[in-house]
Amino acid sequence: MRALYLRKHGEFDELAYGVLPEPEPMPGEVTVAVKAAALNHLDLFVLRGIPGITLEMPHVGGADGAGVVAALGEGVRGWEVGDEVVLNPGVWCGECEFCRSGEQSLCVRFGLLGEHRPGTFCEMVRVPAASLGRKPAHLSWSEAAAFPLVYLTAWRMLMKRAQLAAGETVLIHGIGGGVALAALAIARRVGARTIVTSSSAAKLQRARALGADETIDYSSSDVAREVRGLTGRRGVDVVVESTGAATWMTSLKAACKGGRIVTCGATTGPQPAEEIRLIFWNQLSILGSTMGSVADWKAMLDAVSRWELRPVVDSVVPLERGRAAYERVEHGSQFGKIVLAVSSDVAASEE
Ligand SMILES: [Zn+2]
């Protein structure tokens, strides 16, 4: 099968495009013929090597994908060859105390497709049958590949962890990133007021077109001060954090008394300065969130179909030009998801 893979950990030069053996499904697993896959920051971390995770090389990256069930392993029920599916990027053991209580993303052996096992940047991927979901009918293959990781992440952050309610105000940093855009779409449907930030006037304009209520250019203004101005000095109920070091102090200052800061990542660095006095005096809740449970996955898929949510696709790059896609993620200029067209019937949109 054709694949984009890592020869070894390193920089973009270690990415190769070529032919690898096709996987066979193990018991309880299926193979999926990938139509399209999507990149995440995670793919850059995997390229460079993650401490504590040893990968067999060559390694195929990619947590996000959509395609058609190609073969069923022993004991798989409820799925047929030819079913159109999207993939839950999470992989869990099903046996530990957290899995048994329905909290699969707390699994003691939790892993991700493309990180802990071979991923979606290839023509055929092997996944647990429990990771499958029905492809929402209103989405193209590129859109279907683009939403699972970021929508699942944003869903759990807002709906399960922060319990965002109608009428509340939410601050979303760095609009243009996949989680931020998914959070904007979900928060709007919940009936929350949304404030988004970017250093790009063009991205803020696009965010307004997507329904953002307020926008702040963080390159030319003090975001916490602007947020106070927009909320009658009160601050926001919920802050969606995925950037880390660059925004953490702003998040603490922008939250209202009793506010919730929910974090799923640290793309600008994991060790921010922390003003502990703000946390206790304002009685803030700092909520961690990773991926989502099976219940979150099902609720999110149902909402995407019912509300006809559509992920924003920045560009669609042919698999053989995958290095350019990795470089685009690194550069950070994208608005929405960067998709790889794996199957020849998925059109590329590259400029
Ligand atoms: Zn488990």
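In the block above lies the structure referred to throughout.
My aim in this report is to walk through the structure given alongside it, one point at a time.

Reading guide: rules and limits
Residues numbered from 1 in each chain as written. Predicted model: local features only at pLDDT ≥ 70, side-chain atom pairs only at ≥ 80, totals over all residues. Heavy atoms only, no water. Donors = N, O, S within 2.8 Å, 3.2 Å for Na, K, Ca; no water. Tetrahedral: all angles 85-135°; square planar, octahedral: opposite > 155°, others 65-115°. Buried < 20%, exposed > 50% of the residue type's maximum accessible area, 1.4 Å probe, protein only. Helix = DSSP H or I, 4+ residues; strand = E, 2+ residues; numbered from the N terminus. Contact = heavy atoms within 4.5 Å. Phe/Tyr/Trp six-rings, centres within 6.5 Å; stacked < 30°, edge-to-face > 60°. Lys NZ or Arg CZ within 6 Å of the ring centre and 35° of its normal. Axes fitted to C-alpha atoms, helices over the stretch in contact; angles between N-to-C directions. Parallel < 35°, antiparallel > 145°, perpendicular 65-115°, else oblique. Nonpolar A, V, L, I, M, F, W, Y, C, P; charged D, E, K, R; others polar.

### Here's the deal with the coordination of the zinc ion
C93 (SG), C96 (SG), C99 (SG) and C107 (SG) make up the full set of protein donors to the zinc ion, lying at 2.3 to 2.4 Å. Note that the zinc ion binds four donor atoms; their angles at the metal cover 103 to 117 degrees, and the shape is tetrahedral. Residue C107 is classed as buried on the basis of its relative accessible area of 7%.

### Overview of unusual backbone geometry
Note the cis peptide between M57 and P58, where omega equals 0 degrees. Within the secondary structure, P58 is located in the loop between α1 (41-48) and β4 (64-72). Even without a glycine there, the phi angle at R233 is positive, about 70 degrees. Turning to its location among the elements, R233 is positioned in the loop between α7 (223-230) and β13 (236-241). On the accessibility criterion, R233 (63% relative accessible area) is exposed. With phi around 50 degrees, E308 is a residue other than glycine that occupies positive phi space.

### Comments concerning the environment of A254
Within the secondary structure, A254 sits in helix α8 (residues 248-254). The exposure class of A254 is buried, given its relative accessible area of 0%. Note: C-alpha distance between A254 and V170 (84 residues apart in sequence) is 10.0 Å. When residues no more than four places from it in sequence are discounted, the contact partners of A254 are L171, A224, V227, R228, G235 and V236.

### Details of the packing of aromatic side chains
The full count for this structure, using the stated rule, is three aromatic pairs. Between F121 and Y326, the aromatic rings sit 6.0 Å apart at their centres with planes inclined by 80 degrees, giving edge-to-face as the arrangement. Residue F121 is found in the loop between β7 (111-112) and β8 (124-128), and its partner Y326 is found in helix α11 (residues 322-331); the two are separated by 205 residues along the sequence. Summarising the burial analysis for this pair, F121 and Y326 share the class buried. With a centroid separation of 6.0 Å and 85 degrees between ring planes, the pair formed by F147 and Y151 is classed as edge-to-face. When its relative accessible area of 3% is taken as the criterion, Y151 is described as buried. The ring of F12 has R48 lying over it, and the distance from NZ or CZ to the ring centre is 5.5 Å. Taking NZ or CZ as reference, K135 lies 5.1 Å from the ring centre of W141, over its face.

### Some details on the packing of α1 against α11
Following both chains from N to C, one finds α1 and α11 inclined at 110 degrees, their axes separated by 9 Å at the closest point. Comparing their axes, α11 and α1 come out roughly perpendicular. Only Y326, V329 and E330 of α11 make contact with α1, whose side of the interface consists of H41, D43, L44, L47 and R48. Split by residue class, the contact of α1 with α11 holds four nonpolar, one polar and three charged.

Purely geometric stuff here, so don't read any function into it on its own.
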